[in-house]
Amino acid sequence: MAMKPLTGEKLERELARLEAMREYERMYEDCPLICGIDEAGRGPLAGPVVAAAVILPRDCEILFLNDSKKLSEKKRELLYDEITRKAAAYGIGMASPGRIDEINILQATYEAMRQAVDRLGVRPDILLNDAVTIPGLDIRQVPIVKGDAKSVSIAAASILAKVTRDRMMAQYDAMYPEYGFGKHKGYGTAAHIGALREHGPCGIHRRTFIKNFRSEEAGDKNARE
C-alpha cells in the first residue's frame, strides 16, 4: 500500500523540510558519490547490530525521508522499498551477537559499517556518518551528530538498517517465541528481562549485555544457534 500523496501546502512544507535535510549534500556537491552511513541495534540485549550505506542520486526525491526513529513501522517499510528502488547503490553489513561479545559493540558496529561500504559495489567519494568516524577506511568521512535527522543520505541509511534488523528480529521471534522479540526487537524492556530471567539466554542474546539479568536457575537451557 502506497502512502497518501501530498498536495498543496502540505507538499510544499514537506519539500522544504527535505531541502533543509540536503544541507550536507549541498556542502559536498563537488563529490559525485555521497554515501550516508547509519546503524541499528547498538543498544539491545539480543540480536545483531546492522549497518547500512546508501548513495542517492543527485535528483532523488523521496517524500517523508527522515530519521527512522521518527517514522512509524508502516512508513519505514514503504520507504525501505522506495529507497532500495531509487538508490544509486546501497549495502548492508552486520555483526552477530557472538561477534559483539568478542570485540565489543563499538568495534562490531564499525565492522558492520565497513561491510556495508564494501557491499555498495562502487567506491564513494565521501561518507556522511551518523556521529562516528569509522576506522580502517581510506575514504573521506564527515561525522554528523544526529545526522539521521540532518542528512537525507544518512536518513535513508537509518531506514534500511532499522527495517533490515526488525525483519531479522521477527524471524528470531518465530524461533524463540518465549522472549517476545517481535515486539521489543531485543531491547531491554521489562517483558524481555522477565523472560530472560525465567528462561535464561537463547542463541541470539549478547552475553556481555545480560550479566545482570541472567537467571541462575534457568542457566543457558535455551542457548542454541
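Reading the values: the criteria
- Residues numbered from 1 in each chain as written.
- Predicted model: local features only at pLDDT ≥ 70, side-chain atom pairs only at ≥ 80, totals over all residues.
- Heavy atoms only, no water.
- Buried < 20%, exposed > 50% of the residue type's maximum accessible area, 1.4 Å probe, protein only.
- Helix = DSSP H or I, 4+ residues; strand = E, 2+ residues; numbered from the N terminus.
- Pairing = 2+ DSSP bridges.
- Core = buried A, V, L, I, M, F, W, Y, C linked by side-chain atoms within 4.5 Å.
- Contact = heavy atoms within 4.5 Å.
- 1 Å grid on protein atoms, 1.4 Å probe; cavity = no way out; pocket = protein on both sides within 12 Å on 5 of 7 lines; lining within 4 Å.
- Points joined across faces, edges and corners; volume = space filled by probe spheres on them.
- Nonpolar A, V, L, I, M, F, W, Y, C, P; charged D, E, K, R; others polar.
- Salt bridge = Lys/Arg side-chain N within 4 Å of Asp/Glu carboxyl O.
- Axes fitted to C-alpha atoms, helices over the stretch in contact; angles between N-to-C directions.

Colleague: For this particular structure, what's the right way to read the pairing of strand 3 (residues 89–95)?
Modeller: Within a regular strand, the side chains alternate between the two sheet faces. In terms of burial, strand 3 is largely enclosed, as 5 of its 7 residues are buried. Two strands pair when backbone bridges link them, and strand 2 (residues 49–55) and strand 3 are joined in this way by 7 bridges, in the antiparallel orientation. Bridge pairing links A51 to G93 in strand 3.

Colleague: Any chance you could explain the nonpolar core here in plain terms?
Modeller: For soluble globular proteins, the rule of thumb is that nonpolar side chains tend to be buried together. The biggest cluster of nonpolar side chains holds 36 residues, and the ones touching the most others in it are V54, L56, L65, I83, F181 and I204. Going through the elements one at a time, strand 2, helix 3 (73–86) and helix 6 (152–175) are the ones with two or more residues in this core. Discounting chain neighbours no more than four positions away, the residues touching F181 are A46, M169, Y172, D173, Y176, G186, H192, C202, I204 and H205. Membership of the second largest hydrophobic core comes to 17 residues, among which are C35, M113, A116 and V132.

Colleague: It is not clear to me how the layout of surface pockets should be interpreted in this structure. Could you clarify?
Modeller: To find the voids left in a structure, one rolls a probe of water-molecule size over its atoms. Reported here for the largest pocket is a volume of approximately 280 Å³. Considering the residues around the largest pocket, the lining is formed by 19 residues, among which R22, E25, L56, P57 and R58 are closest to the centre. Elements that contribute at least two residues to the lining of the largest pocket include exactly helix 2 (23–27) and helix 6. Of the residues contributing to the lining of the largest pocket, the split by class is 12 nonpolar, 1 polar and 6 charged. One number sums up the size of the second largest pocket: a volume of about 230 Å³. Around the second largest pocket, the lining is made up of 14 residues, and of these E39, A40, S68, K69 and Y187 lie nearest the centre. Broken down by element, the residue count for the lining of the second largest pocket peaks at 4 residues, all from helix 6.

Colleague: Please clarify how the pattern of salt bridges should be interpreted in this entry.
Modeller: Where side chains of opposite charge bring their charged atoms close, a pairing between them can arise. According to the stated counting rule, one finds 13 salt bridges in the structure shown. With a closest N to O distance of 3.0 Å, K69 and D148 form a salt bridge. With K69 in the loop between strand 2 and helix 3 and D148 in the loop between strand 5 (140–144) and helix 6, this pair connects stretches of sequence that are 79 residues apart. On the basis of relative accessibility, which here comes to 65%, the residue K69 falls in the exposed class. For D148, a relative accessible area of 5% translates into the label buried. Among the salt bridges present, the one from E82 reaches K86, with a minimum N-O distance of 2.7 Å. Placement of the pair is E82 and K86 together in helix 3, with a separation of 4 residues, close to one helical turn. Connected through salt bridges with shared partners, the residues E19, R22 and R26 form a single ionic network.

Colleague: I tried to follow the sheet that holds strand 2 on my own but got confused; where do I start?
Modeller: Sheets are built from strands paired through backbone hydrogen bonds, the pairs being either parallel or antiparallel. The strand order 3-2-1-4-5 describes an open sheet built from 5 strands, whose pairing is mixed. Each having just a single partner strand, strand 3 and strand 5 make up the two edges of the open sheet. Sheet twist, expressed as the mean angle between neighbouring strand axes with direction ignored, is 20°. Relative to strand 4 (residues 126–130), strand 1 (residues 34–40) runs parallel, the two being bridged by 4 bridges. Among the inter-strand pairings, I34 is bridged to a residue of strand 4, identified as I126. Across the sheet, helix 6 is in contact with strand 1, strand 2, strand 3, strand 4 and strand 5; its angle to strand 1 comes to roughly 35°.

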